[in-house]
Amino acid sequence: MPEPVSPEALLALDARHVWHPYAAMPAAPAPYVVDSASGARIRLQDGTELIDGMASWWAAIHGYRHPVLDAAAQAQLGRMSHVMFGGLTHEPAISLAGRLVELAPAGLARVFFADSGSVSVEVAIKMALQYWQAAGRSGRNRLLTVRGGYHGDTFMAMSVCDPVGGMHHLFTGNLTEQVFAEMPPAQPGDESWRRRTAELFERHSDELAAVIVEPVVQGAGGMRFYDPSYVAELRRLCDEHGLLLILDEIATGFGRTGTMFAAEQAGVSPDIMCVGKALTGGYLSMAATLCTDAVAEAISNGPGGAFMHGPTFMANPLAAAIAGASLDLLQANDWQTTVKRAEAALSEGLAAARDLDPVADVRVLGAIGVIELTHPVDIDRVTRRAMGEGVWLRPFRNLIYAMPPYICTDEDLAAICRAMVAAAAA
Ligand code: PMP
């Protein structure tokens, strides 16, 4: 066993060598050193124990060190942790693909495994572009999306993120110029949104390959909820103009909004769908892009005769085995009741924030609770205030939010709400 390194020495090395997400080098303030995590709790190296309000960026739905997921990982390690997917295949990936098709909205029958959410979005867009190339319509090469979205940090994904809140200003000239409709409203029946969006379709449909949106919940673009009827309206407009609909369920998939996939709330099946994050219960990085037979057939019979993508770690058996076990757990644990319980606890616990001065809005959907402030949050201050309440939160912009593991008890959820309200008040 190597000698344990002191927290100070670790942090000095971290500051010297390790780049953190959306951070300068070195990160300021310094990150906290995690020693271990189990259940819904993260343990820091100094002994502090925190209830996890973030599920590690919305992925660890069953919490940490879950015995069923640990056992699945260990069993798979005894066979192989990885093998290439070109020319070879294996049971964990085959079973997982079958499970995903069973759970997904009707018509999605083909599964392409990717190694992260952003890559699965690249794959989805590439599928749409190759689909139109195969049809001899390579001029159909732009995407339509709505403002306020987030689809990842790779280049095509960035091009469909919100043009103001995203990173467009840093990469002007490098990002494909996409077509942006207005953000879909929270309330149903907005005829003017429908009309203006329909006009955009009219104007651009000859150059559009597909529409891509996060259904019902816009996550990292601003934690906004919109009425499912607008997803159905986008489906209708896509059908009218012969466009493909891509739904990015990376954040919303696997029960987070109260249905297995948010698309179900709109009664809609997309042509292409991305899943990631909670797919492996937050254990390993894995994502998948599902598509219909029609999309797969068009690409396979097109000029290239193949879909041109194939990551080194595609369909990683270890991740696939854990993902299969995570889906078993989800279904065995009556996730509908669990998510409803979380929704009720978050609604009750966050109600106290409504009357606070700097609070612009409080909203809850499924196991997602959001306090929107009237001004940007001081991330460091909010984090420390929540830690003072024994809770881990990671706010951004003007948003203090929680997307906790589904295994949180009512007491855990109450503590998370108390921390969020205290942080908002601070
Ligand atoms: N799409 C959505 C809706 C997401 O929320 C995210 C991650 N926050 C991504 C894509 C990108 O996924 P990843 O970080 O795994 O690349």
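Quick look at the structure, then. None of the values given here were measured: they were computed from a predicted structure. (Residues numbered from 1 in each chain as written. Predicted model: local features only at pLDDT ≥ 70, side-chain atom pairs only at ≥ 80, totals over all residues. Heavy atoms only, no water.)

## As for the site of the ligand
What surrounds the ligand is the set W58, S116, G117, S118, Y150, H151, G152, E214, D248, I250, A251 and K277. The fraction of the free accessible surface of the ligand (390 Å²) that becomes covered by protein chains is 82%. For the shell around the ligand, the class distribution of residues is 4 nonpolar, 5 polar and 3 charged. (Near = heavy atom within 4 Å. Areas by Shrake-Rupley, 256 points an atom, 1.4 Å probe, with all protein chains shown as cover. Nonpolar A, V, L, I, M, F, W, Y, C, P; charged D, E, K, R; others polar.)

## A short note on the sheet that holds strand β7 (residues 208-213)
With mixed pairing, 7 strands are arranged side by side in an open sheet as β4-β12-β11-β10-β7-β5-β6. Two strands lie at the open edges of the sheet, namely β4 (108-114) and β6 (179-181), each paired on one side alone. Within the sheet, the average angular offset between the axes of one strand and its neighbour, ignoring direction, is 20 degrees. Examined bridge by bridge, strand β5 (residues 142-146) and β7 share 3 bridges and lie parallel to one another. Looking at the pairing, L143 lines up with A210 of β7. (Pairing = 2+ DSSP bridges. Helix = DSSP H or I, 4+ residues; strand = E, 2+ residues; numbered from the N terminus. Axes fitted to C-alpha atoms, helices over the stretch in contact; angles between N-to-C directions.)

## Examining the packing of helix α4 (residues 91-103) against helix α11 (residues 317-332)
As a packed pair, α4 and α11 sit with axes 8 Å apart at the nearest point and diverge in direction by 40 degrees. Overall, the two elements α4 and α11 adopt an arrangement that is oblique. Note on packing geometry: the crossing formed by α4 with α11 is left-handed. On the side of α4, the interface is formed by P92, A93, L96, R99, L100 and L103, while α11 contributes P317, A320, A321, A323, G324, L327, D328 and Q331. For the contact of α4 with α11, a count of residues per class yields 10 nonpolar, 2 polar and 2 charged. (Parallel < 35°, antiparallel > 145°, perpendicular 65-115°, else oblique. Left-handed = near helix turned anticlockwise from the far one by under 90°. Contact = heavy atoms within 4.5 Å.)

## Considerations on the sheet that holds strand β3 (residues 49-52)
Read across the open sheet, the 4 strands follow the order β1-β2-β3-β15; overall the sheet is mixed. Among the strands making up the open sheet, the edge pair consists of β1 (34-38) and β15 (391-392). Inspection of the sheet shows strand β2 (residues 41-44) paired to β3 by 3 bridges, in the antiparallel sense. When the bridges of β3 are listed, R41 appears paired with I51.

## Looking at the side chain of Q178
In this fold, Q178 is placed in the loop between α6 (155-159) and β6. Polar side-chain contacts of Q178 include one of 2.9 Å to the backbone nitrogen of L143. Contact partners of Q178, with chain neighbours within four places excluded, come to R142, L143, M156, S159 and V160. (Polar contact = N/O pair within 3.5 Å; in protein donor to acceptor, adjacent residues only side chain to side chain.)

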